[in-house]
Every structure is written in structure tokens, then in C-alpha cells.
Amino acid sequence: MDWKHLFSSPSERAQLTPELRARIQLSFDRAAADEEHFPSTIDPRIYHVKLIREHLGPLAGKRVLDVGCGKGRFARVFQQQEPQAELWGLDISEAMLRFVPEGIQTRAGSMTELPFDDAFFDGAYATESLEHAVEIEKAVSEICRVVKPGGRIVVIDKNADRWGELATPEWEKWFTRRELERLLRRHCREVSSRPISYWEDVKPDGLFLAWLAVK
């Protein structure tokens, strides 16, 4: 698919139709049985974990949202590291949410229509999930809406400059640094981005990018 053409103008932006939403949900419902490619745990030593923790700051007493949490692998780590945090997970697939550990509150829903009040969370993060939102601008707006002023947001996703290196479903979209910075700056007073690797001591190869924002 030529994603650059698909997303080149507002009139050509993909839409999360009921039919497409149902297909995405079914895809992840089926993927929930695939522990190899969609694991319920993650190595707590990876840099993604450290970066999220560093940017969000101490989580004790804070309410934090994992956007597109899947089986809750990141929230599971944070729950173990900060048991006094109030962790929430949002995912389109109820089958995925069944794997989320007890003590983490979950909601089934779309990133483009988050079922939470304005300023409900102290922080939010989305790790390799925004790429599945389809209506990216709306999803970014929703993530920012549910975070309090002064709250912090982390997005970790794939670099559009490396598009084509991995097999992807037809709805998936990757981002350039400037593209997502621009969307976040509509709602946040501080925004930055940089390439990252899975491991802190390994030089980034350009596949993963991290965007850090303060509302």
C-alpha cells in the first residue's frame, strides 16, 4: 500500500469505518492466542520501559493510561515496579484484555473515542499502538484530552522512513518525527522526539522513534 498517497491530504485520510474497526478488532482477538508474537510479558530491562518511566516520573499515587495496551505487558512491569500507581489499560480487543493482570483496570474501546473524562489521567503512553489507530489525528487528540494539564505523554512507534521493511496490515501507518510532533504540539506545550533502540547500550537503527510531550 502507498501510505504516503493515502495520507497525503485531509480528503484522502483513512477513516475508521465500522467495517474496518470490526476487522481490526477481529485481527487482534485472533492474535491474542499467539503468545509468541503477542506476548503477555516483556523484559523490564528494555529501554522502552526505562524511557517511559523516566518521562512520566514517579508513578505512586498517579493514574496512568496504557493506550492500546494489548495484554498489558508494559502495565504489568509498571505495576510490579510501582504498586501504588493506579494503572489503566485500553484496547480494542477484549480477548487481549483478558490477559491483563488483576489490579490493572481495563476498558475496551478505540483510541479515537477514549471512554474517559477530560483530564482523567496524570500521564499516558502508547507503545506500538498508535500505528493501528487509522484516524491518527483524532487518536492523538483523544490521548491528550484525557491527560491533565502538566501531565506527560509518551508515544513509541515505528519510523515512516523505514516503511516497507516489515509486513504490515493494510490499515497500519508509521510516522515521521515531524509529523507526530506537529500533531502533539496542537495540545501540548513541550514536545520532543528521538530515535531509540530496544537496549540502551545499542545504537538506534532508525526503526523506532519516541515522542515525549508535556501537556
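Residues numbered from 1 in each chain as written. Predicted model: local features only at pLDDT ≥ 70, side-chain atom pairs only at ≥ 80, totals over all residues. Heavy atoms only, no water.

**Q** What should I look at first to understand the overall build of the protein in this one?
**A** Within the protein, the secondary structure is distributed over 7 helices and 7 strands. The helix and strand sequence of the protein, counted from the amino end, reads α-α-α-β-α-β-α-β-β-α-β-α-β-β. Computed over its C-alpha atoms, the radius of gyration of the protein comes to 16 Å, within 12% of the 17 Å expected for a compact globule of 215 residues. Projecting the C-alpha coordinates of the protein onto the three principal axes gives extents of approximately 45 × 40 × 35 Å. Buried residues in the protein amount to 51% of all 215 residues. (Helix = DSSP H or I, 4+ residues; strand = E, 2+ residues; numbered from the N terminus. Rg over C-alpha atoms; globule rule 2.2 N^0.38 Å. Buried < 20%, exposed > 50% of the residue type's maximum accessible area, 1.4 Å probe, protein only.)

**Q** Just to check I follow, could you spell out the pairing of strand E1 (residues 63-67) for this structure?
**A** Looking along a regular strand, one sees the side chains alternate between the two faces of the sheet. Counting buried residues in E1 gives 4 out of 5 residues, a clear majority hidden from the surface. For E1 and strand E2 (residues 86-91), the ladder comprises 5 bridges, and the chain directions are parallel. Along E2, the bridge assignment pairs Val67 with Leu90. A crossover connection joins E1 to the parallel E2 through helix H4 (residues 73-81); in handedness this β-α-β unit is right-handed. Bridge count for E1 against strand E4 (residues 121-127) is 3 bridges, and the pairing is parallel. Paired with Val64 across the two strands is Gly123, which belongs to E4. (Pairing = 2+ DSSP bridges. Right-handed = clockwise from strand over helix to strand, strands pointing away.)

**Q** What is the right way to look at the sheet that holds E2 in this model?
**A** Pairing between sheet strands relies on hydrogen bonds along the backbone, with the strands arranged either parallel or antiparallel. Strand order across the open sheet formed by 7 strands is E3-E2-E1-E4-E5-E7-E6, with mixed pairing between neighbours. Here the strands that pair on one side only, and so sit at the sheet edges, are strand E3 (105-108) and strand E6 (190-196). Put simply, the sheet's adjacent strands are angled 15° from each other on average, direction ignored. In this structure, E4 lies alongside strand E5 (residues 147-158), joined through 6 bridges in parallel fashion. Each residue of the ladder has a partner; that of Gly123, found in E5, is Arg152. Packed on one face of the sheet, helix H3 (residues 47-56) meets E1, E4, E5, E6 and strand E7 (208-214) and runs near 165° to E5. Against the sheet, H4 contacts E1, E2 and E4, and its axis sits at roughly 135° relative to E4. (Axes fitted to C-alpha atoms, helices over the stretch in contact; angles between N-to-C directions. Contact = heavy atoms within 4.5 Å.)

**Q** Whenever I open this one, the packing of H3 against H4 confuses me. Can you help?
**A** Relative orientation and spacing of two packed helices are given, respectively, by the angle between their axes and the distance between those axes. Here H3 crosses H4 at 60°, and the two axes come no closer than 11 Å. Relative to H4, the element H3 is oriented oblique. Crossing of H3 against H4: the hand is right-handed. Of the residues in H4, those in contact with His48, Val49, Ile52 and Arg53 of H3 are Phe74, Val77, Phe78 and Gln81. Residues of the contact of H3 with H4, tallied by class, amount to 5 nonpolar, 2 polar and 1 charged. (Parallel < 35°, antiparallel > 145°, perpendicular 65-115°, else oblique. Left-handed = near helix turned anticlockwise from the far one by under 90°. Nonpolar A, V, L, I, M, F, W, Y, C, P; charged D, E, K, R; others polar.)

**Q** What's the story with the pattern of salt bridges in this structure? I'm lost.
**A** Where side chains of opposite charge bring their charged atoms close, a pairing between them can arise. By the definition in use, this model includes 19 salt bridges. Across the pair Glu200 and Lys50 runs a salt bridge whose closest N-O atoms are separated by 2.8 Å. With Glu200 in the loop between E6 and E7 and Lys50 in helix H3, the pair connects residues that are 150 residues apart, well separated along the chain. Exposure remark for Lys50: the relative accessible area of 33% places this residue in the partly exposed category. One continuous salt-bridge network, built from bridges that share partners, spans Glu19, Arg23 and Glu170. (Salt bridge = Lys/Arg side-chain N within 4 Å of Asp/Glu carboxyl O.)

**Q** I tried to follow the nonpolar core on my own but got confused; where do I start?
**A** A general tendency of soluble globular proteins is for nonpolar side chains to be buried together. Among the nonpolar cores identified, the biggest contains 30 residues, and Leu65, Phe116, Leu130, Ile136, Val140, Ile153 and Leu180 are the most heavily contacted of them. Those elements that place two or more of their residues in this core are E1, E2, E4, helix H6 (136-145), E5, helix H7 (177-185) and E7. Here this core gets 5 residues from one element, more than from any other, and that element is H6. With residues up to four places along the chain from it excluded, the contact list for Val140 reads Leu130, Leu180, Leu183, Leu184 and His187. The next biggest cluster of nonpolar side chains, apart from the first, holds 29 residues, and it includes Val100, Val154, Ile156 and Ala160. (Core = buried A, V, L, I, M, F, W, Y, C linked by side-chain atoms within 4.5 Å.)

That's the geometry; what it means functionally is another story.
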